[in-house]
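Topology and contacts: notes
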Amino acid sequence: MLRHELQPGKLVAGFFLILAGVIYAGDAGGAWETPWFVIIPVVVGGLCLAGAVGVLTRSIRRRRAVARTNPAGPQPVESR
């Protein structure tokens with residue numbers, strides 16, 4: 001039994017923030033030279049991608065929840 005649901009948007013955001021930290025650590029340690037403006041697209045792009053993954057995850061979960069509560073699908077409306 002899972003203790004909590006998986007949230008892939010947070011996973012993607014965490015990955016890109018860790019990547020930004022690794023880039024800064026490599027620059028501080030002298031492994032490579034990184035211009036200051038490189039981090040901005042990495043962080044902003046990662047947050048945008050995380051938001052898109054979060055929206056996609058929510059829409060998939062809503063669709064599955066509706067399918068579970070109404071297994072027959074949408075019923076046609078009868079006119080009188």
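Computed from a predicted model, the values in this text were never measured in an experiment.

**A closer look at the overall build of the protein**
Scanning the protein for helices and strands turns up 2 helices and 0 strands. Taking all 80 residues of the protein together, the buried fraction comes to 16%. Considering only contacts within the protein whose residues lie at least 6 apart along the sequence, 55% involve residues at least 24 apart. Accessible surface, the protein as shown: approximately 7,000 Å² in total, 67% of it carbon and sulfur.

**Examining the pattern of salt bridges**
This structure, assessed with the given rule, holds 1 salt bridge. The residue glutamate 5 makes a salt bridge to arginine 61 at a minimum N-O spacing of 3.4 Å. Here glutamate 5, found in the segment before helix H1 (8–29), pairs with arginine 61, found in helix H2 (residues 39–69); they are 56 residues apart in sequence, far enough to count as distant. A relative accessible area of 47% means that glutamate 5 is categorised as partly exposed. Residue classification places arginine 61 among the partly exposed positions, given a relative accessible area of 34%.

**Focus: H1**
Compared with the 32 Å implied by 1.5 Å per residue over 22 residues, the 31 Å span of H1 between its first and last C-alpha is a close match. Of the positions making up H1, those classed as buried are Gly9, Val12, Ala13, Ala20, Ile23 and Gly26. Burial along H1 is one-sided: seen end-on, the buried residues are contained in an arc of 150°. Residues Lys10, Leu11, Phe15, Ile18, Ala28 and Gly29 are exposed on H1 and point more than 90 degrees away from its buried face. Against the buried residues of H1 lie H2. The positive-phi residue at the C-terminal boundary of H1 is glycine 30, with phi of around 85°.

Procedures and definitions
Residues numbered from 1 in each chain as written. Predicted model: local features only at pLDDT ≥ 70, side-chain atom pairs only at ≥ 80, totals over all residues. Heavy atoms only, no water. Helix = DSSP H or I, 4+ residues; strand = E, 2+ residues; numbered from the N terminus. Buried < 20%, exposed > 50% of the residue type's maximum accessible area, 1.4 Å probe, protein only. Contact = heavy atoms within 4.5 Å. Areas by Shrake-Rupley, 256 points an atom, 1.4 Å probe, with all protein chains shown as cover. Salt bridge = Lys/Arg side-chain N within 4 Å of Asp/Glu carboxyl O. Expected span 1.5 Å × (residues − 1). Arc of directions from axis to C-beta.

Purely geometric stuff here, so don't read any function into it on its own.
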